[in-house]
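# Residue-level structural notes
As a plain string of letters, each chain reads:
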Amino acid sequence: AQLKKLPRFVEARMRNWEHLRRRLAPAEDAVDFMLPTHATGWTTSGFTWAAGKPAVSPSWFGFMMLVRQGGRFTRTALAQALDRGRIGNRMVFGGNLLRQPAFVQLAKDRPGSFRVVGDLAGADRLMSEAIFVGTYPGLDEERLEHIATTILRVTRGEPLA
């Protein structure tokens, strides 16, 4: 029965993602917005896609932002403001998994048990600067506006009531 609802859920999540992206365009100086694989950009009329690459349709699970380093606020400050506004938010799950205690211990106990390629700076950035807000299909215009307004106020350095 739930699978019959899936197309509606996916459509609603995509609309919610697009609503947030449109409304948060003024925050582009403070946060980086993520795009689906092969997308090269986004405008209010949709995504632009890399030549020769397929357009994709991701899960639209959430709306991810990367707080820019050296800005007016940190990811933690944004998360706290969202919490005060009763807006659910999350870090990017485990962040850099190699920084998790189990992998730290594994590296000590069995140094050759896995291979690391590169310095993992991108994974570390995701761990320290990325934040998700949900695109739950049941969000209405009022709630989406509350999310967008709260984020915009933080990015402009405005106090929250």
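Attention in this report is confined to the structure presented alongside it. (Residues numbered from 1 in each chain as written. Predicted model: local features only at pLDDT ≥ 70, side-chain atom pairs only at ≥ 80, totals over all residues. Heavy atoms only, no water.)

Assigned secondary structure in the protein consists of 5 helices and 6 strands. Ordering the α and β elements of the protein from the N terminus gives α-β-β-β-β-α-β-α-α-β-α. Per-residue burial over the protein gives 31% buried out of 161 residues. Once local pairs closer than 6 in sequence are excluded, the contacts in the protein between residues at least 24 apart make up 70%. A gap of 5 Å separates the mean positions of the 23 positive and 15 negative side-chain charges of the protein. (Helix = DSSP H or I, 4+ residues; strand = E, 2+ residues; numbered from the N terminus. Buried < 20%, exposed > 50% of the residue type's maximum accessible area, 1.4 Å probe, protein only. Contact = heavy atoms within 4.5 Å. Lys, Arg positive; Asp, Glu negative; His and termini not counted. Charge placed at Lys NZ, Arg CZ, Asp CG, Glu CD.)

Turning our attention to a nonpolar patch on the surface. On the surface, a nonpolar cluster with roughly 350 Å² of combined accessible area is contributed by L3, L6, F9 and V10. Mapped onto the fold, V10 is located in helix α1 (residues 2-23). Residue classification places V10 among the partly exposed residues on the basis of a relative accessible area of 31%. (Patch = residues over 30% accessible without salt bridge, like charges linked within 9 Å, V, L, I, M, F, W, Y side chains within 5 Å. Areas by Shrake-Rupley, 256 points an atom, 1.4 Å probe, with all protein chains shown as cover. Salt bridge = Lys/Arg side-chain N within 4 Å of Asp/Glu carboxyl O.)

Let's shift gears to the sheet that holds strand β1 (residues 31-33). Reading across from one edge, β1-β4-β6-β5 is the order of the 4 strands in this open sheet, with antiparallel pairing throughout. Because the sheet does not close on itself, it has two edges, and the strands there are β1 and β5 (89-90). Alignment of β5 against strand β6 (residues 130-134), held across 2 bridges, turns out to be antiparallel. Paired with N89 across the bridge in β6 is V133. Lying on the sheet, α1 is in contact with β1, β4 (62-67) and β6; it crosses β4 at an angle near 30°. Contacts between helix α4 (residues 121-129) and the sheet are confined to β1, β4 and β6, with β4 contributing the most and set at about 105° to the helix. (Pairing = 2+ DSSP bridges. Axes fitted to C-alpha atoms, helices over the stretch in contact; angles between N-to-C directions.)

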